[in-house]
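As a plain string of letters, each chain reads:
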Amino acid sequence: GGIITQTPKFLIGQEGQKLTLKCQQNFNHDTMYWYRQDSGKGLRLIYYSITENDLQKGDLSEGYDASREKKSSFSLTVTSAQKNEMAVFLCASSKVGLGVFYEQYFGPGTRLTVL
Amino acid sequence: QQQVRQSPQSLTVWEGGTTVLTCSYEDSTFNYFPWYQQFPGEGPALLISILSVSDKKEDGRFTTFFNKREKKLSLHIIDSQPGDSATYFCAASARAEGADRLTFGKGTQLIIQP
């Protein structure tokens, strides 16, 4: 078993501010993901990383940067917070295998509020 | 462009009844379809999944059906319990190098009434 830890749980920032969200996993998974969850809109992929120092853009990467400092950690930066991006940000990780699909394990999320 | 459509948006079912959630998709390259369950304040957790080579998968009270020709899938919950009250997401995966890029539906908020 393992766990995904996201910090902080709640993040409040000012419009235009640069904000960083952190994620740690102890599954020893190679691949990590960042999703944004808006009420009534499902989850949308922001960035993912298949190994340390790798970054791949998802469908919603504009306005965000990411960093995979080491295998167990994946950070997301909101480059200039906007009021219309108040949402819950979810980190996930998974194994990946050729021809095999593995479960993505999710953290509890960081709820972002922009004032 | 929404690639995975999920319905209904919300649903109330009496305890002991059967719940049916449905999804449709457009991209014919999708070949893996997981259903995730999310309780308030928690991240989603995998409930059940199906590959496009199958048409049915069962796990206890939960069954997912897949129709490749119609590009539709469904989740059936029999003997629904109040503890099943949660938000359910269907998703579809397009395999990328080293990762599974999931496209999620908008979710169904399910309430099971005692």
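Right above here is the structure, for reference.
Every value quoted in this text rests on a predicted model; they were computed, and no experiment measured them.

Caption draft 1: Structural detail: the sheet that holds strand S1 (residues 4-7) of chain B. All names here are of chain B. Spatial strand order, S1-S3-S8-S7-S6: five strands in an open sheet with antiparallel pairing. Where the open sheet ends on each side, the last strands, each with one partner, are S1 and strand S6 (56-59). If you compare each strand with its neighbour and ignore which way they point, the axes differ by 15° on average. Pairing of strand S7 (residues 62-67) with strand S8 (residues 72-77), which is carried by six bridges, proceeds in the antiparallel orientation. Looking at S8, one finds that Phe62 is bridged to Ile77.

Caption draft 2: Spotlight on the interface of chain A and chain B. Of the residues lining the interface, 28 residues belong to chain A; the matching set on chain B comes to 23 residues. Together, the buried faces of chain A and chain B total about 2000 Å²; carbon and sulfur atoms form 54% of this surface. For the pair chain A and chain B, the interface holds one salt bridge. Taking the shortest distance from any N to any O, the salt bridge between Arg101 of chain B and Asp59 of chain A comes out at 2.9 Å. At the junction of chain A with chain B, the criterion picks out six residue pairs in polar contact (both at pLDDT 80 or more). Of all the secondary structure elements, the ones that give two or more residues to the side of chain A that touches chain B are strand S4 (31-38) and strand S5 (42-49) of chain A. Of the residues that constitute the side of chain A that touches chain B, the class distribution is 14 nonpolar, nine polar and five charged.

Caption draft 3: Main features of the pairing of S5 of chain A. Residues and elements named next belong to chain A. Among the eight residues of S5, seven are classified as buried, and the element is accordingly described as predominantly covered. Relative to S5, S4 runs antiparallel, the two being bridged by seven bridges. Bridging across to S5, Gln37 finds its partner in Leu43. Hairpin connection, S4 to S5: the antiparallel pair is bridged by three residues, and Gly40 has positive phi, about 75°. By the bridge criterion, two bridges tie S5 to strand S6 (residues 56-57) in an arrangement that is antiparallel. Its bridge partner being in S6, Tyr48 is matched across the sheet by Gln56. Linkage of S5 to S6, two consecutive antiparallel strands, is achieved through a turn of six residues, within which Asn53 is found at a positive phi near 70°.

Caption draft 4: Representation of unusual backbone geometry. Between Thr7 of chain A and the following residue, Pro8 of chain A, the backbone shows a cis peptide bond with an omega angle of -10°. Its location among the elements puts Pro8 of chain A in the loop between strand S1 (4-7) and strand S2 (10-13). The residue after Ser7 of chain B, namely Pro8 of chain B, is reached through a cis peptide bond having omega -5°. By the element assignment, Pro8 of chain B lies in the loop between S1 and strand S2 (10-14). Residue Asp79 of chain B is not a glycine yet carries a positive backbone phi of 50°. For Asp79 of chain B, the position within the fold is in the loop between S8 and strand S9 (86-96).

Caption draft 5: Structural detail: the state of the cysteines. Residues and elements named next belong to chain A. What the rule picks out here adds up to two disulfides over all chains. Each disulfide pairs two cysteine sulfurs, and for Cys23 the partner residue is Cys91, the sulfurs being separated by 1.9 Å. Disulfide Cys23 to Cys91: torsion about the S-S bond roughly -75°, handedness left-handed. You can see Cys23 sitting in strand S3 (residues 19-25) and its partner Cys91 sitting in strand S9 (residues 87-94), a full 68 residues away along the chain. Here Cys91 falls in the buried class, since its relative accessible area comes to 0%.

Caption draft 6: Layout of the packing of aromatic side chains. Under the defined criterion, the tally for this structure stands at 16 aromatic pairs over all chains. Pairing Tyr35 of chain A with Phe104 of chain B gives two aromatic rings, centres 5.6 Å apart and planes at 85°, and the pair type is edge-to-face. With one member in each of two chains, Tyr35 of chain A in strand S4 and Phe104 of chain B in strand S10 (residues 99-104) form a pair that bridges those chains. Residue class for Tyr35 of chain A comes out buried when judged on its relative accessible area of 0%.

Caption draft 7: Here's a closer look at the pattern of salt bridges. For the structure on display, the rule yields eight salt bridges over all chains. Shared partners join several salt bridges into a network, and the residues in it are Arg36, Asp38 and Arg44 of chain A.

Definitions and limits used
- Residues numbered from 1 in each chain as written.
- Chains lettered and ligands numbered in written order.
- Predicted model: local features only at pLDDT ≥ 70, side-chain atom pairs only at ≥ 80, totals over all residues.
- Heavy atoms only, no water.
- Pairing = 2+ DSSP bridges.
- Helix = DSSP H or I, 4+ residues; strand = E, 2+ residues; numbered from the N terminus.
- Axes fitted to C-alpha atoms, helices over the stretch in contact; angles between N-to-C directions.
- Contact = heavy atoms within 4.5 Å.
- Buried area = accessible area lost by both parts, 1.4 Å probe.
- Salt bridge = Lys/Arg side-chain N within 4 Å of Asp/Glu carboxyl O.
- Polar contact = N/O pair within 3.5 Å; in protein donor to acceptor, adjacent residues only side chain to side chain.
- Nonpolar A, V, L, I, M, F, W, Y, C, P; charged D, E, K, R; others polar.
- Buried < 20%, exposed > 50% of the residue type's maximum accessible area, 1.4 Å probe, protein only.
- Disulfide = S-S within 2.5 Å.
- Phe/Tyr/Trp six-rings, centres within 6.5 Å; stacked < 30°, edge-to-face > 60°.

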